[in-house]
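Residue-level structural notes
Next come the chains, spelled out residue by residue.
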Amino acid sequence: IYILRNPLDLVLSIMNHFSMTLDEAIEKMANIGGGTPITKSHVPEIHSSWSNHVASWTSRPNPQLLIVRYEDLLEKPQIYFKKVTQFLGLTPPQDRLDRAIRFSSFKVLKEQEEHGGFVERPRKVDAFFREGRKDQWREKLTPEQVRRIINAHREQMQRFRYIPKDYA
């Protein structure tokens with residue numbers, strides 16, 4: 001299961017997660033050689049650019065791969081969680097599916113982190129689960145920053161309907 005997120009919103013999470021400026025996060029997201037460093041507590045990961053990462057997982061249709069947009073999970077959780085369960089060959093009763101949706105909501109995850117912490121939270125940030133909203137980029141990014149992201153990732157953004165009408 002590959003869940004992808006609009007890079008215009010994802011860049012805000014990257015900025016927070018790695019404690020960097022917005023412009024540094026835009027560059028990191030476009031870096032083909034990008035990844036995480038090796039540390040005493042972390043194995044290095046190769047991320048590449050957002051576009052290369054998305055293309056590497058999604059460019060060839062495969063019945064063993066389900067692609068889900070994060071925004072669709074937010075907007076229509078019943079439909080998309082059901083798709084995930086069907087893909088996994090599960091047939092949970094409706095009440096159990098409803099409970100899974102409720103317990104995996106951003107609000108609940110954020111509350112759990114506030115009460116018990118979250119092991120993957122970087123030390124430099126206050127919270128791993130920051131906002132989780134869609135379209136927050138409209139409040140935080142300048143038109144120039146939006147254009148830079150679209151220019152770097154246009155092909156994949158078009159494939160997944162992420163280019164805003166006012167920037168098409």
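Residues numbered from 1 in each chain as written. Predicted model: local features only at pLDDT ≥ 70, side-chain atom pairs only at ≥ 80, totals over all residues. Heavy atoms only, no water.

1. Points about the packing of aromatic side chains
Two numbers describe a pair of aromatic rings. These are the distance of the centres and the angle of the planes. To be explicit about the condition: Two aromatic rings from Phe, Tyr or Trp, using only the six-membered ring of Trp, form a pair when their centres are within 6.5 Å; if the ring planes differ by under 30 degrees the pair is stacked, by over 60 it is edge-to-face, and anything between is tilted. Secondary structure counts use DSSP, requiring at least four H or I residues in a row for a helix and at least two E residues in a row for a strand, with both numbered from the N terminus. Partly exposed describes any residue whose relative accessible area lies between the buried limit of under 20% and the exposed limit of over 50%, with all areas from a 1.4 Å probe on protein chains only and scaled to the type maximum. In our convention, an over-ring charge means Lys NZ or Arg CZ found within 6 Å of a ring centre and within 35 degrees of that ring's normal.
Tallying each qualifying case throughout the model produces 3 aromatic pairs. Judged by centre distance (6.3 Å) and plane angle (65°), the rings of Trp137 and Tyr167 are edge-to-face. With Trp137 in helix H8 (residues 137–140) and Tyr167 in the segment after helix H9 (143–159), the pair connects residues that are 30 residues apart, well separated along the chain. The residues Trp137 and Tyr167 share a single accessibility class, namely buried. Here the guanidinium or amino end of Lys28 rests over the ring plane of Phe18, the centre of that ring lying 4.4 Å away. It is Arg102 that lies over the ring of Phe103; its NZ or CZ is 5.4 Å from the centre.

2. Looking at the layout of surface pockets
Short version of the rule: Site definitions follow a grid-based scheme: protein atoms alone, a 1 Å grid, a 1.4 Å probe that fits but cannot get out for cavities, and for pockets an open set with protein on both sides within 12 Å along at least five of seven lines, plus lining residues having an atom within 4 Å of a point. Grid points are joined across faces, edges and corners, and a volume is the space filled by probe spheres set on the points. Side-chain classes follow a simple rule in which Ala, Val, Leu, Ile, Met, Phe, Trp, Tyr, Cys and Pro form the nonpolar group, Asp, Glu, Lys and Arg form the charged group, and the remainder, Gly included, forms the polar group.
Taken as a whole, the second largest pocket encloses approximately 240 Å³ of empty space. Lining the second largest pocket are 14 residues, with Asn6, Lys134, Asp135, Arg161 and Tyr162 positioned closest to its centre. Those elements that provide at least two residues to the lining of the second largest pocket are helix H4 (70–75) and H8. Partitioning the lining of the second largest pocket into residue classes produces 4 nonpolar, 1 polar and 9 charged.

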